[in-house]
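# Survey of secondary and tertiary structure
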Amino acid sequence: ALRNSKQQYLLRGLIKCGSCGMTYGGTPDSRRNKRYYACFGKTKYHGPIEKCRSKNVTAEWLEELVWNECVNFILSPGEAVKKIKDDQPEKIDYSHELRLVEEKLSQKQDERMMILDAYRRNIISEPDMIVQVSRINTEQTLLEQHQEELKKAIATSDRLDTQQSEAIKLLTDLQPRLKTGDPLSFEEKRSILKLLINEIRIYTIEDPDCDELRRKVKVTIDFSIS
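Scoring rules and cut-offs
- Residues numbered from 1 in each chain as written.
- Predicted model: local features only at pLDDT ≥ 70, side-chain atom pairs only at ≥ 80, totals over all residues.
- Heavy atoms only, no water.
- Pairing = 2+ DSSP bridges.
- Helix = DSSP H or I, 4+ residues; strand = E, 2+ residues; numbered from the N terminus.
- Axes fitted to C-alpha atoms, helices over the stretch in contact; angles between N-to-C directions.
- Contact = heavy atoms within 4.5 Å.
- Parallel < 35°, antiparallel > 145°, perpendicular 65-115°, else oblique.
- Left-handed = near helix turned anticlockwise from the far one by under 90°.
- Nonpolar A, V, L, I, M, F, W, Y, C, P; charged D, E, K, R; others polar.
- Salt bridge = Lys/Arg side-chain N within 4 Å of Asp/Glu carboxyl O.
- Buried < 20%, exposed > 50% of the residue type's maximum accessible area, 1.4 Å probe, protein only.
- Arc of directions from axis to C-beta.
- pLDDT = per-residue confidence, 0-100.
- Phe/Tyr/Trp six-rings, centres within 6.5 Å; stacked < 30°, edge-to-face > 60°.

Let's shift gears to the sheet that holds strand E5 (residues 197–205). What holds strands together in a sheet is hydrogen bonding between their backbones, with the strands either parallel or antiparallel. Judged by pairing direction, the sheet is mixed, and its three strands sit side by side in the order E1-E5-E6 without closing on themselves. Of all the strands in the sheet, the pair left with one neighbour each is strand E1 (15–17) and strand E6 (216–223). Ignoring strand direction, the axes of neighbouring strands in this sheet form an average angle of 25°. Running over the sheet, helix H1 (residues 59–75) touches E1, E5 and E6 and is turned about 35° from E6. Sitting on the sheet, helix H5 (residues 186–196) touches E5 and E6, and the angle it makes with E5 is about 85°.

Right under this line is the structure:
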């Protein structure tokens, strides 16, 4: 639990194991006074590999490596902001379609009342009334489903707009701070990493001539706006 953690792990929740697919978590080594990232698959059976043989990675080394990659990405002249804008899907205005659907929905009640009135005046038979009211109810249900889909699409579009604006502002504000060497807090770095990175993968390179401590790893970073 985070409340019980005495160490801070900058890459918490972002690392996956290239061997078994499980998450890497932070683990302290009090004997060496170091922090490590270790695969959860090493301690418990979780899937296709009974016990993962992946290598533990020194936290300081990995955090510095990933952070430097992020800094290089942000300091690319205008490239980070450009990527955010380019990666956004084409904006579609669903508002007009939603208004049309809502107008049709309001008409369904009038149509239903007209059918019932025609039945009361013996213009149509009861079976005809039932068939037509059932058809109106079906059409209303489909319109209501489409209305909900449009509302969700509008909410998603608004959320993406907000996220894009926040990301651009964050990166724009960060560039001068990084250039001048202005120190960032742990929370600021975490926000930046979660914004920029989808996933970090650690692949352990098997070597029969090396013990676990000497084995090498390959680190890949999947940027979310690359």
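Let us keep going from here.
Okay, the packing of H1 against helix H4 (residues 126–180) next. Angle between the axes and distance between the axes: these two values describe a pair of packed helices. Across the interface, H1 lies against H4 with an axial gap of 9 Å and an inter-helix angle of 110°. Relative to H4, the element H1 lies roughly perpendicular. Once H1 is placed against H4, the crossing between them reads as left-handed. Judged by residue contacts, Trp67, Val71, Ile74 and Leu75 of H1 engage Leu171, Leu174, Gln175, Leu178 and Lys179 from H4. Tallied by class, the residues present in the contact of H1 with H4 amount to seven nonpolar, one polar and one charged.

All right, on to the pairing of strand E2 (residues 24–29) then. Bridge count between E2 and strand E3 (residues 34–39): six bridges; the pairing is antiparallel. What sits directly across from Gly26, in E3, is Tyr37. Adjacent in sequence and paired antiparallel, E2 and E3 are bridged by four residues, among which Asn33 carries a positive phi angle near 55°.

Here we come to the pattern of salt bridges. In this structure the tally under the stated criterion is 12 salt bridges. One salt bridge connects Arg35 with Glu60, and the closest N-O pair in it is separated by 3.5 Å. Here Arg35, found in strand E3, pairs with Glu60, found in helix H1; they are 25 residues apart in sequence, far enough to count as distant.

Among all residues save glycine, negative phi is the norm, and among peptide bonds the norm is trans. Despite not being glycine, Asn33 has its phi angle at roughly 55°, a positive value. Here Asn33 shows up in the loop between E2 and E3. The class of Asn33 is exposed, set by a relative accessible area of 70%.

Every buried residue of H5 is listed here: Arg190, Ile192, Leu193 and Leu196. Seen end-on, H5 carries its buried residues on one side only, within an arc spanning 165°. Close packing links the buried residues of H5 with H1, H4, E5 and E6.

Examined against the element boundaries, Lys108 turns out to sit in helix H3 (residues 95–120). Owing to a relative accessible area of 9%, Lys108 belongs among the buried residues under this scheme. If sequence neighbours within four positions are ignored, Lys108 has contacts with Ile136, Glu139, Gln140 and Leu143.

Caution applies to low-pLDDT regions: their predicted coordinates should not be interpreted in detail. Model confidence for the protein is summarised by a mean pLDDT of 83, while 84% of its residues fall at 70 or above. Averaged over each element, pLDDT in the protein is lowest for helix H2 (residues 79–87) (59) and highest for E1 (94).

Right, let's talk about the packing of aromatic side chains for a bit. Following the criterion strictly, the structure yields two aromatic pairs and no others. Considering the side-chain rings of Tyr9 and Tyr37, the 5.5 Å spacing of their centres and the 70° angle between planes classify their relative orientation as edge-to-face. Residue Tyr9 is found in the segment before E1, and its partner Tyr37 is found in strand E3; the two are separated by 28 residues along the sequence. Exposure remark for Tyr9: the relative accessible area of 8% places this residue in the buried category. A centroid spacing of 5.1 Å and a plane angle of 15° characterise the contact between Phe73 and Phe223, whose relative ring orientation is stacked. Note that Phe73 is positioned in helix H1 and Phe223 in strand E6, a separation of 150 residues in sequence. Owing to a relative accessible area of 12%, Phe223 belongs among the buried residues under this scheme.

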